[in-house]
Amino acid sequence: MCNCSGDSPAVDESTPAGDAEMRRSSSPASASKKAMRIGIAILGKPGPGVNNVIHGMMDYLNLPERHIPGTVVCVAMGIGGLRAGHTFELDEKTFSPHRNQGGCDLIGQSEPSDLRTLGEDLSLCAGTAIEQNLDGLVIWGGRNVHAWTSRLAEYFVEHQVPTRVLAVPASTQSDLPLVEQTLGYDTVCKHYASIVGNLTTQAASAGKLWCFIRIPGRSMSHIAAEVALQTHPHVVLMVSELEQQNMNITEVTQLICNVIETRAREDKNYGMVLIPDQFLASVREMRRLFEEIDEILQAVPEAEHALASNDFGTILGLLPPLSRALFQGFPERTKAQILQVIDERGSQKGKETLDLSTVETEIIFQSFVEAELTRRVVLGTYKGPFQAISYSLPYHGRAAMPTNFDCDLGYTIGYAAGIFVDASRTGLLVDVCHLKEDVEDWEVGGTPLSSLLTLQDVPRSGEKIHPKIGPKGRLRYDIGVDEGRCMPEPSQRTLVSPGPAQFEGPCAGQKTQTLRLPQLQRVRQMERTERLVSELKAKASAGCPPEVLQAIKQLLQGGTDLLRQL
């Protein structure tokens with residue numbers, strides 16, 4: 001493990017953000033006499049902090065203790081550049097305008113989906129590493145990318161390619177397992193919370209406006225949870241709550257309308273609804289609808305041809321009655337968006353999730369809520385006014401200027417990657433833990449990528465078995481600890497505007513609330529467990545028969561085995 005320390009503001013372009021430097025005494029560079037060359041490639045979606053990773057690598061390679069300065073080799077345009085050998089050596093003059101900035105325009109990137117078509121021939125990647133004489137290759141990406149990174153590291157070892165492969169845990173969703181918080185999550189959450197906070201102020205100022213806001217969010221809706229904790233929306237649609245209560249889309253609509261009606265009775269005709277863009281993919285009726293549409297598009301060529309003219313008649317005529325009624329209730333443009341997604345990517349069947357980031361989920365729920373409130377007005381159960389606007393935030397955060405936290409984290413990861421390459425370590429995910437503490441107390445290590453992998457079901461004959469990295473979830477006793485227990489009842493919440501991310505002053509070092517909440521919940525869990533164990537010991541010490549103690553031991557052993565499987 002190596003420690004890091006820092007104290008400077010993130011916007012200083014002459015020094016590393018947060019000045020998060022590894023202690024020189026822990027670095028193997030003092031004994032190195034070789035001019036190291038470390039490449040970096042962005043194979044995943046862009047995110048805040050990539051330039052800080054490069055900065056950390058450059059500083060390590062140019063330590064005064066090194067007899068010969070090293071070189072950072074940038075692989076242009078992701079997997080395409082890695083296959084074709086499109087690289088350039090980075091110098092201080094070229095890098096200076098990009099220091100502590102957002103985006104990845106310095107070297108470009110490829111999409112994770114490109115790995116399915118371009119990432120199969122690993123020999124081309126090995127050829128680039130050998131041609132460029134790379135001692136190390138640092139890969140930026142999330143779960144899907146690093147499942148491929150593990151294959152690349154294994155291929156290099158198997159074919160004796162002398163290039164060490166390291167992985168950067170970069171994901172705005174913070175869904176990598178065994179990682180406290182991924183690089184970019186802090187910046188994105190604070191950026192989204194600032195925009196949502198501005199909209200909450202607008203809604204409260206108007207006094208008669210409901211905002212339906214869509215933000216990025218995969219399976220566990222980590223971004224939605226953090227933004228909700230910072231802004232206190234009246235309704236936040238969480239996938240964990242949906243699955244826990246087994247709700248359908250009608251019940252979700254009723255939930256939103258009940259909050260609106262309760263606030264209308266108190267003459268509060270404004271509020272905020274927060275919706276992750278992947279929420280629809282977790283609703284069981286929607287999953288069934290997607291599968292049925294996919295079957296129709298594959299079996300009926302006329303239906304696929306009609307998509308160009310937005311003619312939904314053929315598809316509607318072939319859908320089962322329940323799915324047809326659901327699909328007919330969607331606004332016209334969202335029908336076209338759903339059909340386009342399914343036509344291009346298929347249904348969710350057999351997949352972890354279906355990418356619905358291009359579907360305006362907020363428009364769908366706004367129309368459902370308007371229809372339900374109109375029904376209640378006719379029945380006389382709702383008498384208040386209702387006016388709504390929708391807003392989507394799908395790509396607003398990926399190129400944002402990184403916060404102090406992500407500047408420090410990115411710099412630390414880049415510096416640590418240099419140390420691992422110098423120590424001839426490969427196949428590791430650079431991991432920084434104790435992130436809720438001050439930077440001086442962070443601990444840096446490497447997690448073997450193989451420990452994150454899981455194997456998919458046995459494929460059909462002739463298909464290759466590719467491992468994957470599953471999303472990080474929360475233990476069952478963590479679910480509900482966020483917005484449900486840390487905020488008032490939905491109808492009683494007061495909207496909060498946290499303002500923009502700060503780079504100086506007392507708020508500059510604020511961490512995300514979700515980084516701290518799970519630890520607090522586990523402390524409560526441990527206290528309760530210790531109390532129950534003490535009670536059990538007290539009762540057992542009162543002269544229990546041996547067979548009773550043996551039965552208790554077996555019960556405890558069974559409970560331990562069950563917990564290990566969760």
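Above this text sits the structure in question.
Describing the overall build of the protein
Reasoning step 1: Counting its regular elements, the protein contains 20 helices and 15 strands.
Reasoning step 2: Per-residue burial for the protein yields a buried fraction of 53% across its 566 residues.

Some details on the sheet that holds strand β8 (residues 210-215)
Reasoning step 1: The strand order across the open sheet built from four strands is β9-β10-β8-β11, with neighbouring strands paired in parallel fashion. Looking along the sheet, the strands with just one partner apiece sit at the ends: β9 (235-236) and β11 (388-392).
Reasoning step 2: Pairing between β8 and β11: five bridges, direction parallel. Paired with arginine 214 across the bridge in β11 is serine 392.
Reasoning step 3: On top of the sheet, helix α8 (residues 222-231) reaches β8, β9 and β10 (271-276); it is set at about 160° to β10, its chief contact.

Regarding the pattern of salt bridges
Reasoning step 1: Enumeration according to the criterion identifies 16 salt bridges in this entry.
Reasoning step 2: As a salt-bridge pair, aspartate 422 and arginine 66 come within 3.0 Å of each other at their nearest N and O atoms. Taken as a pair, aspartate 422 in helix α17 (residues 404-422) and arginine 66 in the loop between α1 (50-61) and β4 (71-75) lie far apart in primary sequence, 356 residues in all. Taken individually, aspartate 422 and arginine 66 each receive the classification buried, so the pair is uniform in this respect.
Reasoning step 3: For arginine 376, the salt bridge is made with glutamate 372, and the minimal N-O distance between the two is 2.9 Å. Within this pair, arginine 376 and its partner glutamate 372 are both found in helix α16 (residues 361-379), separated by four residues, close to a single helical turn. Residues arginine 376 and glutamate 372 agree in their burial class; the two are buried.
Reasoning step 4: Among the charged side chains, a salt-bridge network with shared partners connects Glu261, Arg265, Glu372, Arg375 and Arg376.

Notes on unusual backbone geometry
Reasoning step 1: Of note in this structure, serine 174 is not a glycine but carries a positive phi near 50°.
Reasoning step 2: Positive phi, normally seen in glycine, also occurs at histidine 232, with a value near 60°.
Reasoning step 3: If you trace the backbone, histidine 232 turns up in the loop between α8 and β9.
Reasoning step 4: Taking relative accessible area as the criterion, histidine 232 reaches 18% and is therefore assigned buried.

What about helix α5 (residues 122-131)?
Reasoning step 1: Within the span of α5, buried status applies to Leu122, Cys125, Ala126, Thr128 and Ala129. End-on view of α5: buried residues confined to an arc of 160°, all on one side of the axis. More than 90 degrees from the buried face of α5, the exposed residues found are Ile130 and Glu131.
Reasoning step 2: Buried residues belonging to α5 abut α2 (78-84), β5 (87-90) and α6 (143-158).

Structural notes on the environment of histidine 234
Reasoning step 1: One can find histidine 234 in the loop between α8 and β9.
Reasoning step 2: When its relative accessible area of 1% is taken as the criterion, histidine 234 is described as buried.
Reasoning step 3: Leaving out residues up to four positions away in the same chain, histidine 234 has contacts with Trp210, Val259, Arg263, Tyr270, Gly271, Met272, Pro490, Arg493 and Leu495.
Reasoning step 4: At 3.0 Å, the side chain of histidine 234 forms a polar contact with the backbone oxygen of arginine 493.

Details of the pairing of strand β12 (residues 428-433)
Reasoning step 1: Of all the six residues making up β12, six are buried; the element is thus mostly covered by neighbouring parts of the structure.
Reasoning step 2: Burial along β12 is two-sided: Leu428, Val430 and Val432 facing one way and Leu429, Asp431 and Cys433 facing the other are all buried.
Reasoning step 3: Two strands pair when backbone bridges link them, and strand β7 (residues 164-169) and β12 are joined in this way by two bridges, in the parallel orientation. Bridging across to β12, leucine 166 finds its partner in leucine 428.
Reasoning step 4: Direction of pairing for β12 relative to strand β13 (residues 443-448): antiparallel, over a ladder of six bridges. Each bridged residue has a counterpart across the sheet, and for valine 432 the counterpart in β13 is valine 444.

Here we look at the packing of helix α10 (residues 249-265) against α16
Reasoning step 1: Between α10 and α16, whose axes approach to 9 Å, the crossing angle comes to 65°. The handedness of the crossing between α10 and α16 is right-handed. Every residue of α16 that contacts α10 at Ile249, Val252, Thr253, Gln254, Ile256, Cys257, Asn258, Ile260 and Glu261 is listed here: Phe365, Phe368, Val369, Glu372, Leu373, Arg375 and Arg376.
Reasoning step 2: Each residue belonging to the contact of α10 with α16 can be placed in one class, and the counts come to nine nonpolar, three polar and four charged.

Some remarks on α10
Reasoning step 1: With 17 residues, α10 extends 25 Å from end C-alpha to end C-alpha; this agrees with the ideal 24 Å at 1.5 Å per step.
Reasoning step 2: Every buried residue of α10 is accounted for by Ile249, Val252, Thr253, Ile256, Cys257, Val259, Ile260, Glu261, Arg263 and Ala264.
Reasoning step 3: A side-chain oxygen of the first residue of α10 lies 3.1 Å from the backbone nitrogen of threonine 250; this N-cap is asparagine 248.
Reasoning step 4: Phi turns positive one or two residues past the end of α10, at aspartate 267, with a value near 60°.

Things to note about the side chain of arginine 263
Reasoning step 1: Mapped onto the elements of the fold, arginine 263 is located in helix α10.
Reasoning step 2: Those residues within four positions of arginine 263 in sequence are excluded, and the remaining contacts are Trp210, His234, Lys268, Tyr270, Ser491 and Arg493.

Definitions and cut-offs
Residues numbered from 1 in each chain as written. Predicted model: local features only at pLDDT ≥ 70, side-chain atom pairs only at ≥ 80, totals over all residues. Heavy atoms only, no water. Helix = DSSP H or I, 4+ residues; strand = E, 2+ residues; numbered from the N terminus. Buried < 20%, exposed > 50% of the residue type's maximum accessible area, 1.4 Å probe, protein only. Pairing = 2+ DSSP bridges. Contact = heavy atoms within 4.5 Å. Axes fitted to C-alpha atoms, helices over the stretch in contact; angles between N-to-C directions. Salt bridge = Lys/Arg side-chain N within 4 Å of Asp/Glu carboxyl O. Arc of directions from axis to C-beta. Polar contact = N/O pair within 3.5 Å; in protein donor to acceptor, adjacent residues only side chain to side chain. Left-handed = near helix turned anticlockwise from the far one by under 90°. Nonpolar A, V, L, I, M, F, W, Y, C, P; charged D, E, K, R; others polar. Expected span 1.5 Å × (residues − 1).

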